[in-house]
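Structural features, examined
So you can see what is in the structure, the chains are spelled out below.
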Amino acid sequence: MIKNVLIVDDDREMLLALKDGFSKYKETFSVLIAEDGTGAVKILKERAVSLVVTDLKMPQMDGFALLTHVMENYPDIPVIIITGYSTPDMERLAREGGAVGYIA
């Protein structure tokens, strides 16, 4: 059974680059994309997701709010944070919030 990975980023170029990078693993999983946390929540309600990879800084619903939503509603789905604006406090908060990975 192919699993779904949800990638969330408001930077369209980064989103498509990540999707393209993951495409070499299409035998193992398919990639779903959302441009913000609100879109990600909608996908999570509609599809089975095995992993969420999200940016932190996004409009409407940022990565911290999305992480909280996933931990409260889908605690079995691991979340990896990717950010270009990292600080030690942001990493600490992400890990304390339940993120299994943090990539700066």
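It should be noted that the structure appears before, not after, this text.
Residues numbered from 1 in each chain as written. Predicted model: local features only at pLDDT ≥ 70, side-chain atom pairs only at ≥ 80, totals over all residues. Heavy atoms only, no water.

Moving on to the pairing of strand β4 (residues 79-82). Relative to β4, strand β3 (residues 51-54) is paired through 3 bridges, and the arrangement is parallel. Note on β4: the bridge partner recorded for Thr 54 is Ile 81. Assessed by its sense of winding, the connection that carries the chain from β3 through helix α3 (residues 63-73) to β4 is right-handed. As defined by bridge partners, β4 adjoins strand β5 (residues 101-103) across 3 bridges and the pair is classed as parallel. Bridged to Ile 80 within β5 is Gly 101. In this fold, β4 hands off to helix α4 (residues 88-96), which returns the chain to β5; that crossover is right-handed. (Pairing = 2+ DSSP bridges. Helix = DSSP H or I, 4+ residues; strand = E, 2+ residues; numbered from the N terminus. Right-handed = clockwise from strand over helix to strand, strands pointing away.)

Turning next to the nonpolar core. Within the largest apolar cluster, 23 residues are counted, with the highest numbers of intra-cluster contacts made by Leu 6, Val 8, Leu 44, Val 49, Val 52, Leu 66 and Ile 81. Elements that contribute at least two residues to this core include exactly β1 (3-8), β2 (29-34), α2 (37-46), α3, β4 and α4. For this core, the leading source of residues is α2, giving 4 residues. Here Val 52 is in contact with Leu 6, Val 8, Leu 44, Leu 66, Ile 77, Pro 78, Val 79 and Ile 80, once residues within four sequence places are set aside. (Core = buried A, V, L, I, M, F, W, Y, C linked by side-chain atoms within 4.5 Å. Buried < 20%, exposed > 50% of the residue type's maximum accessible area, 1.4 Å probe, protein only. Contact = heavy atoms within 4.5 Å.)

What follows covers the sheet that holds β4. Taking strand neighbours across the sheet as the criterion, the 5 strands line up as β2-β1-β3-β4-β5 in an open arrangement whose pairing is parallel. Only two strands of the sheet have a single partner each, and these edge strands are β2 and β5. Within the sheet, the average angular offset between the axes of one strand and its neighbour, ignoring direction, is 20°. In this sheet, β3 lies alongside β1 in parallel orientation, the contact comprising 4 bridges. Of the residues in β3, the one forming a bridge with Leu 6 is Val 52. The strands that helix α1 (residues 12-22) touches are β1, β2 and β4; relative to β2, the one it contacts most, it runs at about 175°. (Axes fitted to C-alpha atoms, helices over the stretch in contact; angles between N-to-C directions.)

Glancing now at the packing of aromatic side chains. Tallying each qualifying case throughout the model produces 2 aromatic pairs. Seen from their ring centres, Tyr 25 and Phe 29 are 6.0 Å apart, and the 20° between their planes marks the pair as stacked. Taken together, the ring pairs in this structure connect Phe 22, Tyr 25 and Phe 29 into an aromatic cluster. If you follow Lys 57 out to its NZ or CZ, it ends over the ring of Tyr 85, 5.6 Å from the centre. (Phe/Tyr/Trp six-rings, centres within 6.5 Å; stacked < 30°, edge-to-face > 60°. Lys NZ or Arg CZ within 6 Å of the ring centre and 35° of its normal.)

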